[in-house]
Amino acid sequence: EKKAVRTYFTNIHSNKDVVKMMSQLATSINVGKQSIVQALDAYLVYEDLWKKDKEEAMKEFLETDPRLGDFESEILRYDRLEEEISEQPQSTDVGSISLYSSELKHALVSECRAWKSLHGHSVNVKFRTMMDELLNLLDDIGKRLGRQVNDLDDVRTAMGALKEMREEEIRIDMSIGPVEEAYAMLNKHGINVVQEEVERCDSLRYKWERLKEQARGVQQHLIDIQPRFKSDLLEKMEIYQKLT
């Protein structure tokens, strides 16, 4: 019977001391692996930051018809998460291994800021739309009130503008505050907003006060010229009656 050939590898692999050392090394690796997994598990509490689809999550959030306070609560939540992540240790020792987490922390902080920015953008869009609608309304009423009153058509135009203004007054008053609060909140939390929008927001209340002042002036003017237009109307009615 042919005798089995023993190689250098066979001799080492079958050596009792080597086998014992390999067993100890495997045990050490398994123990270390569990410790590493446990160290990484500390970051699983933040898994929503990278697992959730941002656009889908925001769509669901907007479907709840959130108020400004709801948006700010979310922004504050991500601020707290960012602070909490930043306070995590830069490295964790697992036996003879050091786990450096600076890049992981940086990635998680970036995700927090992305979520915060997404909520801020949604606030910006919502209240910019409201602000644009208010400014367009104020400009439209202002143009009609600024029209020179020369005849009865001009009187009807001015009175129509005054009537619309009275009907919209409560809604305008109740809308300006939330718009101002929204832009103040975005500024407080460092959400970037186009400077032109900020300036338009700052001018909103001033334009409303000017429009109310203009309306009072137009109303008084209509009262002052009422006798003249009444006399003119009576003359035209008399002429009409004679012709018929």
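Residues numbered from 1 in each chain as written. Predicted model: local features only at pLDDT ≥ 70, side-chain atom pairs only at ≥ 80, totals over all residues. Heavy atoms only, no water.

Would you take a moment to explain the packing of aromatic side chains for this structure?
Counted according to the given criterion, the structure contains 3 aromatic pairs. Ring geometry for Y43 against Y46: centres 6.4 Å apart, planes inclined by 55°, an arrangement best described as tilted. Residue Y43 is classed as buried on the basis of its relative accessible area, which comes to 8%. Measuring from centroid to centroid gives 5.8 Å for Y78 and W115, while their planes differ by 10°, and the two rings are stacked. In this pair, Y78 is assigned in helix 5 (residues 68–86) and W115 in helix 6 (residues 102–145), connecting sequence segments 37 residues apart. Looking at R77, its charged tip hangs above the ring of Y78, at a distance of 4.6 Å from the centre. (Phe/Tyr/Trp six-rings, centres within 6.5 Å; stacked < 30°, edge-to-face > 60°. Buried < 20%, exposed > 50% of the residue type's maximum accessible area, 1.4 Å probe, protein only. Helix = DSSP H or I, 4+ residues; strand = E, 2+ residues; numbered from the N terminus. Lys NZ or Arg CZ within 6 Å of the ring centre and 35° of its normal.)

Please clarify how helix 7 (residues 152–188) should be interpreted in this entry.
Since the α-helix packs 3.6 residues into each turn, any two residues three or four apart lie on the same face. Here helix 7 spans 51 Å end to end across 37 residues, near enough to the 54 Å set by a 1.5 Å rise per residue. Along its length, helix 7 reaches its greatest deviation from straightness, about 50°, at E168. The N-cap of helix 7, judged by a side-chain oxygen 3.1 Å from the amide nitrogen of D153 a few residues on, is D151. (Expected span 1.5 Å × (residues − 1). Bend = angle between axes of the 7 residues up to and from the residue. Polar contact = N/O pair within 3.5 Å; in protein donor to acceptor, adjacent residues only side chain to side chain.)

I'm lost on the pattern of salt bridges in this one. Help?
One side chain can pair with another of opposite charge once the charged atoms of both are near each other. Taken as a whole and assessed by the stated rule, the structure comprises 17 salt bridges. R113 serves as the salt-bridge partner of E82, at 2.8 Å between the closest nitrogen and oxygen. With E82 in helix 5 and R113 in helix 6, the pair connects residues that are 31 residues apart, well separated along the chain. A salt bridge links R144 to E164; the shortest N-O distance between them is 2.4 Å. Remark: E164 occurs in helix 7 and R144 occurs in helix 6; sequence separation between them is 20 residues. Overall, the relative accessible area of 22% leaves R144 in the partly exposed class. Its relative accessible area of 23% is what places E164 among the partly exposed residues. Through salt bridges with shared partners, a single network forms among E133, E168 and R171. (Salt bridge = Lys/Arg side-chain N within 4 Å of Asp/Glu carboxyl O.)

What am I meant to see in the packing of helix 4 (residues 54–62) against helix 6 here?
How two helices pack is summed up by the angle between their axes together with the distance between the axes. Contact pair helix 4 / helix 6: the axes reach a minimum separation of 11 Å and the direction vectors enclose 40°. Regarding the angle of helix 4 to helix 6, the classification is oblique. Two packed elements cross with a definite hand, and for helix 4 against helix 6 that hand is right-handed. Every residue of helix 6 that contacts helix 4 at K54, E55, A57, M58, F61 and L62 is listed here: E111, A114, W115, L118, H119 and S122. Split into classes, the residues belonging to the contact of helix 4 with helix 6 amount to 7 nonpolar, 2 polar and 3 charged. (Axes fitted to C-alpha atoms, helices over the stretch in contact; angles between N-to-C directions. Parallel < 35°, antiparallel > 145°, perpendicular 65-115°, else oblique. Left-handed = near helix turned anticlockwise from the far one by under 90°. Contact = heavy atoms within 4.5 Å. Nonpolar A, V, L, I, M, F, W, Y, C, P; charged D, E, K, R; others polar.)

Please clarify how unusual backbone geometry should be interpreted in this entry.
Note: most peptide bonds trans; most residues except glycine with negative phi. Unusually for a residue other than glycine, D65 sits at a positive phi of about 55°. Position of D65 relative to the elements: it lies in the loop between helix 4 and helix 5. We classify D65 as exposed; its relative accessible area is 59%.

Keep in mind these numbers describe shape, not what the thing actually does.
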